[in-house]
Amino acid sequence: MSHLRLKNISVFFKSTLGNYIKNFSWMMVENLIRIALGLTVSIYLTRFLGPHDYGILSYAVSLTGILSPIATLGIDAILLRNVIQDKTQEKILLQTARVLKFVAGLSLSVLTIIYVYFTREDRTVVLIIAILMVGITANSLNVYKEYIVSVNKMRFIAYASIFSLILSNFFRVGLILSNANVIWFATAIVSANVLNVIALRFYYKKISEFQEKYFSWTVAKKLLNDSWPLIFTSFAGIIFIYADQIIIEYFYDFEKVGIYAAAVRLILFFTVIPSIISNMIYPKVIELYKQNEKESFIKKMTRLYFFHFIFATLLVTFFLLLGKTIILTLYGDVFIESADILKIYSFTFVFVFFNPMNNKLLMIENLQKLMLVRNLIGLVINLLLNFLLIPVFGLKG
């Protein structure tokens, strides 16, 4: 009897481990393609546009990126949690979330386009922001990723991402070769989002069982009640990434934004790694938490955090030692100011690598309001320091 039990346990762990290794492998393949292809094309794009036009595009991406959490209503993480906990409500949850996000995204896009039209004199900037806001509206229809994660089919997310990455980057290369205007590169960003939504919908239909689909006001109220703190939490988190570029444009010009963004872009390519790991193991973390084995749960989380710390430290060391060489090799002398920015900004790895799993652990405990307070405090400090240090120390501030 004990031998049979041990055999069953062994089979269970082999199966579970095998699934996680497969999922991790696919997500790492997708991430490597994203870094290799995206970074390569971004380097040529940055060189092609130069500091000024690249600064305009980066400014528009920053502004629309800051607004994106409002379009999603903070629902994504709550949707994932709820689908994992009760898959019988899958279709109702997804349809309700999709309607809520689309209405929010469309309303936000219309208001933003009207605002920039009357407040910005540069029509190129207005048109780029308008195009990117259309992309945010389209991306708000994406609720399929959360279901795919909940059933541990991460390879489908990798397939969809690889598909959209390859096509959108070929489009960007074509634009570079045809000497296209900077406005066209905003359409390339939107095309990547649209293609990814289409691909995710295709794979979702392959693995989802038929259920009745309809919008539920009851479910909508529950989703919004749980998710509203995450709107501000995500908003605060994204402002950490993008607000400095908005403030740099306020004090200086688009050229300075381009120089700063060139360095930050290199760092951001690597910050997706902890998000991939946390998304991949989130269903298992919820299972462990439900088992009420507190000591085992804490040990596993401690190991995971230690791994993140070591990885982050190695990346910081790499950029500190080779920052100037990397900038000169990739972008040329015109972006030499980006070298110091790259070295300073690399220290964010130490903090960013812990954030995705921290957020998910707080959501398991339904402590979204604590996340909100934490991020708002950090946001206020970040904005104050930006306004105090950038005028004094320039881009290094």
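Keep in mind that this is a model prediction, so the values were computed, not measured. (Residues numbered from 1 in each chain as written. Predicted model: local features only at pLDDT ≥ 70, side-chain atom pairs only at ≥ 80, totals over all residues. Heavy atoms only, no water.)

Student: Please explain helix H6 (residues 154-177) as it appears in this structure.
Tutor: In this model H6 runs 34 Å from its N-terminal to its C-terminal C-alpha over 24 residues, within 8% of the 34 Å that 1.5 Å per residue would give. Positioned one or two residues after H6, Asn179 has a phi angle of 60°, which is positive. (Helix = DSSP H or I, 4+ residues; strand = E, 2+ residues; numbered from the N terminus. Expected span 1.5 Å × (residues − 1).)

Student: How should I be thinking about the environment of Lys300 in this particular structure?
Tutor: With respect to the secondary-structure elements, Lys300 resides in helix H11 (residues 294-330). Measuring from C-alpha to C-alpha, the distance between Lys300 and Val285 comes to 9.2 Å, with 15 residues separating the pair along the chain.

Student: Got a minute to help me understand the environment of Leu372 in this structure?
Tutor: Along the chain, Leu372 falls in helix H15 (residues 368-393). Leu372 gets classed as buried once you look at its relative accessible area, which sits at 10%. Along the backbone, Leu372 and Thr233 are 139 residues apart, and their C-alpha atoms lie at a distance of 4.7 Å. With near-sequence residues (within four places) excluded, Leu372 lies in contact with Trp228, Pro229, Phe232 and Thr233. (Buried < 20%, exposed > 50% of the residue type's maximum accessible area, 1.4 Å probe, protein only. Contact = heavy atoms within 4.5 Å.)

Student: Mind showing me how you'd approach the pattern of salt bridges here?
Tutor: For side chains bearing opposite charge, pairing can occur when the charged atoms are close. Counted under the stated rule, the structure contains five salt bridges. Of the charged contacts, one joins Asp340 and Lys396 as a salt bridge, the two residues approaching to 3.3 Å between their closest N and O atoms. Of this pair, Asp340 sits in helix H12 (residues 338-345) while Lys396 is found in the segment after H15, placing the two residues 56 residues apart along the sequence. (Salt bridge = Lys/Arg side-chain N within 4 Å of Asp/Glu carboxyl O.)

Student: I tried to follow the packing of aromatic side chains on my own but got confused; where do I start?
Tutor: Aromatic ring pairs are reported here in terms of the distance separating the ring centres and the angle at which the planes meet. Scanning the entire structure with this criterion turns up 17 aromatic pairs. Between Phe349 and Phe353, the ring centres sit 5.8 Å apart and the planes meet at 90°, which makes this aromatic pair edge-to-face. A single burial state applies to Phe349 and to Phe353, both of which are buried. One cation-aromatic arrangement involves Arg123 over Tyr117; the distance from NZ or CZ to the ring centre is 4.4 Å. One Lys or Arg, Arg155, reaches over the ring of Phe156 and ends 4.6 Å from the middle of that ring. (Phe/Tyr/Trp six-rings, centres within 6.5 Å; stacked < 30°, edge-to-face > 60°. Lys NZ or Arg CZ within 6 Å of the ring centre and 35° of its normal.)

Student: Help me out: how do you make sense of the nonpolar core in this one?
Tutor: Across soluble globular proteins, nonpolar side chains have a tendency to be buried as a group. The biggest cluster of nonpolar side chains holds 110 residues, and the ones touching the most others in it are Ile128 and Phe349. With 13 residues, helix H1 (residues 2-72) is the single largest residue contributor to this core. With residues near it in sequence (within four places) discarded, Phe349 still touches Ile267, Phe270, Thr271, Ala312, Leu315, Val316 and Phe319. With six residues, the next largest nonpolar core counts Ala236, Ile239, Ala243 and Leu379 among its residues. (Core = buried A, V, L, I, M, F, W, Y, C linked by side-chain atoms within 4.5 Å.)

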